[in-house]
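Structure at a glance
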Amino acid sequence: MKTNDPIGGMGNSVIVSGEELIQIAFSVPDLAAAMDWWTDAIGIGPWFVLDRIGRDRSTYRGRPGDAEFTIAVALSGTMMIELIQALDDKPSVYKEARERRGHGFHHVGKFRPDVEQLAEAYEAEGQSIVFQAPAPGGGNVFFIDRGGGGPGFIELIDDNESTRKLSNAMRRASVGWKGERPTRSFAELLS
């Protein structure tokens, strides 16, 4: 075990701390086809889609972000599945991963109340903040590259009233879901 790990984790493991992971994310070439697969094969839904995001106040490797992408999120029990489709070929955390490993697993995510301090602690330990952006609904997200040939990134998501409200709305929509309206606007979670 690394003793200088800023969060007391397990080296390059996907276990970020003793708390649960809340999200597993995948880069996909076709968002609609990926949502259909997860719904048909696994029974997950409904999917909440957030179109054309990424540029607004984001950074990629310390520079202003210019890439756009669309995401879809759904719950399986308490685990959030996130699907991401890049909408251009500009430098981004998604293009970088795709060039390294192709489409597929991209990152794990955790809600944390201390994302800024934790991201700074990772950076002080020599790990990279690859991507930073405002979180939908409020707060920030940070993507960390732990290096060492790890399978993907770690996303730190602000744990605040807004993100809890979004998560609870998504949970209410998924409990007892029977396949109606499998694709919905992310804006429904904000109302």
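Preceding this paragraph is the structure being described.
Everything numeric here is computed off the predicted structure, so don't read it as measured data.

Rules and cut-offs
Every chain begins its residue count from 1, and numbering advances along the sequence as written. Thresholds applied to this predicted model are a pLDDT of at least 70 for local features of residues and 80 or more for the giving and counting of side-chain atom pairs; totals over whole chains, interfaces and linings are not thresholded and use all residues. Heavy atoms throughout the structure, all of them, feed into the side-chain values; hydrogens and water do not. Aromatic pairs are defined between Phe, Tyr and Trp rings, using the six-membered ring for Trp, whenever the two ring centres lie within 6.5 Å; interplanar angles under 30 degrees are classed as stacked, those over 60 as edge-to-face, and all others as tilted. Accessible area is worked out with a 1.4 Å probe on protein chains only. A residue is then buried under 20% of its type maximum, exposed over 50%, and partly exposed in between. Basic side-chain nitrogens of Lys or Arg form a salt bridge, by our definition, when they fall within 4 Å of a carboxyl oxygen of Asp or Glu. A run of H or I in DSSP counts as a helix once it spans at least four residues, and a run of E counts as a strand once it spans at least two, with each numbered from the N terminus. Arc, as used here, means the arc of the directions from the helix axis to the C-beta atoms. Only heavy atoms matter for contacts: two residues are in contact if any of them lie within 4.5 Å across the pair. We define a nonpolar core as any set of buried Ala, Val, Leu, Ile, Met, Phe, Trp, Tyr and Cys residues linked to one another through side-chain atoms lying within 4.5 Å.

Applying the stated criterion across every chain, the model contains seven aromatic pairs. Between Trp 37 and Trp 38 the ring centres are 5.4 Å apart and the planes differ by 85°, which places this aromatic pair in the edge-to-face class. Judged by relative accessible area, which is 48%, Trp 37 ranks as partly exposed. Classification of Trp 38 as buried rests on a relative accessible area of 17%. In textbook terms, an aromatic cluster arises when at least three aromatic residues are bridged by ring pairs, as seen for Phe 26, Trp 37, Trp 38 and Phe 105.

Our focus in this paragraph is the pattern of salt bridges. Going through the model one piece at a time under the given rule, you end up with 13 salt bridges. Note that Glu 96 and Arg 61 form a salt bridge whose closest N and O atoms lie 2.6 Å from each other. Placement of the pair is Glu 96 in helix H2 (residues 93-101) and Arg 61 in the loop between strand S3 (59-60) and strand S4 (63-64), with a sequence separation of 35 residues. For Glu 96, a relative accessible area of 12% gives the class buried.

Moving on: helix H3 (residues 115-124). Listing the buried residues of H3 in full gives Val 115, Leu 118, Ala 119 and Tyr 122. The buried residues of H3 occupy one face: seen down the axis, they fall within an arc of 100°. Turned more than 90 degrees from where H3 packs its buried face, Gln 117, Glu 120 and Ala 124 sit exposed. On its buried side, H3 packs onto strand S7 (104-112), strand S8 (128-134), strand S9 (140-145) and strand S10 (153-158). Immediately beyond the C-terminal end of H3, within one or two residues, lies Gly 126, with a positive phi of roughly 95°.

Another aspect to go through is the nonpolar core. Formed by 28 residues in total, the largest nonpolar core has its most connected members in Phe 48, Val 93, Phe 143, Met 170, Phe 186 and Leu 189. Of all elements in the fold, only strand S2 (47-53), strand S5 (69-76), strand S6 (79-86), H2, S8, S9, S10 and helix H4 (161-174) reach the threshold of two or more residues within this core. Aside from chain neighbours lying at most four places away, what touches Val 93 is Tyr 60, His 106, Val 130, Phe 131, Phe 143 and Phe 153. Ranked by size, the runner-up nonpolar core spans twelve residues in total, among them Leu 31, Met 35, Val 49 and Ile 81.

All quantities given are derived from atomic positions and should not be read as evidence of function.
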